[in-house]
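If you want the building blocks of each chain, they are given just below.
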Amino acid sequence: MRSLRNRSTSLRTGSTLASLFTGVAALAALLVAAPAAHAADPPLRDLAAAKGKAIGTAVTGSKLTGTYGDVAGREFNWLTPGNAMKWGSVEPTRGNFNWTEADQIVAFAEAHDQDVRGHTLVWHSQNPSWLTNGSWTAAQLSQLMNDHIALEVGRYKGRLAAWDVVNEPFNEDGTYRQTLWYNGLGADYIAQALTAARAADPAAKLYINDYNVEGVNAKSTALYNLVRDLKARGVPIDGVGLQAHLILGQVPSTLQQNIQRFADLGVDVAITELDIRMQLPSSEAKLAQQRTEYESVVKACMAVSRCVGATVWGFTDSDSWIPDTFPGQGAATPYDENYAPKPAYYGIVSALGGTVTPPPTPTGCSAAYSVTSQWNTGFTGSVTISCAAGSSLSSWRANWTFGAGQQISQAWNASCTQSGATVSCANAAWNGSVPSGGSVTFGFNSSWSGGNPVPTVTLG
């Protein structure tokens, strides 16, 4: 299954979008460099470590090779398995276990001097069918939960820094979610799970994690009251995870205040699943706003001493759960589908106190636009990216502005977006490299009416 795209679908919904525009829009007149081009800047993990904070990402274990693995290892000091440690993944049939991907992620983290956040032990979703379809007495259900926690936490004892022990226990109005666990064991299943996790690994930090609790509201207040009660009872609870699956333009104004009030209870706080989605197609304005909002979320964490850091829920749009869960929405992560850093990446850099170095403008490479065929309502065009001897590109983005209202309807060998008259086309996954003395070509269909002047295409 596609990691990070198998999340709970109980958040919010969107609308369908034509497949052409599922790519990430570019800043017009700006070449966004491939990962190698921004490697000269301090990686996010170094900036975060200098402030005593974590910067993490959820990952798919099977993809931790090549460019994906390079970025995950270089930029982040915490990893969260997107799906690999959920009950349905590790014990799909009773008594039969699959630890392959979970082990792979832990081994990768250890090889790259990264901490791991275990996710998640007790949840209402992504449980195996044998568990959800069983008829259990309270005693049996209690034993099943204890055994699962002892086995999984015990397997990684001393190797994981933290666990999301209980995930999403509340409804939006602050009442307890009706789940297998709540219905079978009552509200005290949470205390039981935390106690079992502490017994299995006394050194790991234990968290309760939920969504739509980023600002001060009924749901976050219920979580606050629960944590306060658990602390008063002596139940082991070390932290609260604020997932932060946010929508562009809807970052809560009370985020820092909310982080602070949890910290004042004597627990750590982490932003655990940060992404900021937008209605597609993306645009220069939306990406700029997304940068500002990523920066504001991370800054809110930086401002509170007990906020330990922020984890993005997948660092690249190609590994994001958003498009499958919210049709018509996406572009939610700091990197585009070709592993090029988006403005959001630089927003995180700024929040961590780094200085943004603009990516270099390519030299010795150019783009040529041509109309290959035309009819009364439309035309087919192509753009060829060429590099002279001694010059090359590891990724490319071609930008132009139509002069007569032309509208692209389909593209191939590139991911194209159009906002008004401005068009930006980025390389596909397989043709980003333009060698010295070489070229690549992509094409598109477009409508026109009354005129079809040839625009000037720029790189950079």
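- Under an unreviewed UniProt entry, the name given to the chain is Beta-xylanase, and the organism recorded is Streptomyces graminofaciens.
- We quote the UniProt Sequence similarities (unreviewed entry) comment for the chain here in full: "Belongs to the glycosyl hydrolase 10 (cellulase F) family."
- What the UniProt record of the chain gives under Catalytic activity (unreviewed entry) is the line "Endohydrolysis of (1->4)-beta-D-xylosidic linkages in xylans."

## Some words on the sheet that holds strand E18 (residues 458–459)
Then, number 1: As summarised here, the arrangement of the four strands in space is E15-E16-E13-E18, forming an open sheet in which the pairing is antiparallel. Of all strands in the sheet, those with a lone pairing partner are strand E15 (414–419) and E18, marking the two edges.
Then, number 2: Here E15 pairs with strand E16 (residues 422–427) via six bridges, running antiparallel. Within E16, the position partnered with threonine 417 by the bridge is serine 424.

## Digging into the pattern of salt bridges
Then, number 1: Taken as a whole and judged by the stated rule, the model has 14 salt bridges.
Then, number 2: For the salt bridge of arginine 74 with glutamate 75, the shortest nitrogen-to-oxygen distance reads 2.9 Å.
Then, number 3: Judged by relative accessible area, which is 0%, glutamate 75 ranks as buried.
Then, number 4: A salt bridge links glutamate 172 to lysine 219; its shortest N-O distance comes to 2.9 Å. Here glutamate 172, found in the loop between strand E4 (162–167) and helix H7 (180–185), pairs with lysine 219, found in helix H9 (residues 218–233); they are 47 residues apart in sequence, far enough to count as distant.
Then, number 5: Take glutamate 172: its relative accessible area is 44%, and that puts it in the partly exposed class.
Then, number 6: When salt bridges that share partners are traced, they join Glu172, Asp210 and Lys219 into one network.

## Focus: the sheet that holds strand E14 (residues 407–412)
Then, number 1: Pairing is antiparallel across the open sheet formed by four strands, whose spatial order is E11-E12-E17-E14. Strands with a single pairing partner mark the edges of an open sheet, and in this sheet they are strand E11 (365–374) and E14. Ignoring which end each strand starts from, the neighbouring axes of this sheet average 25 degrees apart.
Then, number 2: Bridge count for strand E12 (residues 378–387) against strand E17 (residues 439–447) is nine bridges, and the pairing is antiparallel.

## Digging into unusual backbone geometry
Where the residue is not glycine, phi is negative for most of them; where a peptide bond is considered, it is trans in most cases.
Then, number 1: Along the chain, histidine 119 connects to threonine 120 via a cis peptide bond; the corresponding omega equals -5 degrees.
Then, number 2: Tracing the chain through its elements places threonine 120 in strand E3 (residues 115–122).
Then, number 3: Positive phi outside glycine occurs at alanine 244, with the angle close to 70 degrees.
Then, number 4: Looking at where alanine 244 falls in the secondary structure, it is placed in the loop between strand E6 (239–242) and strand E7 (245–247).
Then, number 5: By relative accessible area, which is 1% here, alanine 244 ends up buried.

Parameters and conventions
Residues numbered from 1 in each chain as written. Predicted model: local features only at pLDDT ≥ 70, side-chain atom pairs only at ≥ 80, totals over all residues. Heavy atoms only, no water. UniProt positions renumbered as here; feature names shortened; annotations may be inferred. Pairing = 2+ DSSP bridges. Helix = DSSP H or I, 4+ residues; strand = E, 2+ residues; numbered from the N terminus. Salt bridge = Lys/Arg side-chain N within 4 Å of Asp/Glu carboxyl O. Buried < 20%, exposed > 50% of the residue type's maximum accessible area, 1.4 Å probe, protein only. Axes fitted to C-alpha atoms, helices over the stretch in contact; angles between N-to-C directions.

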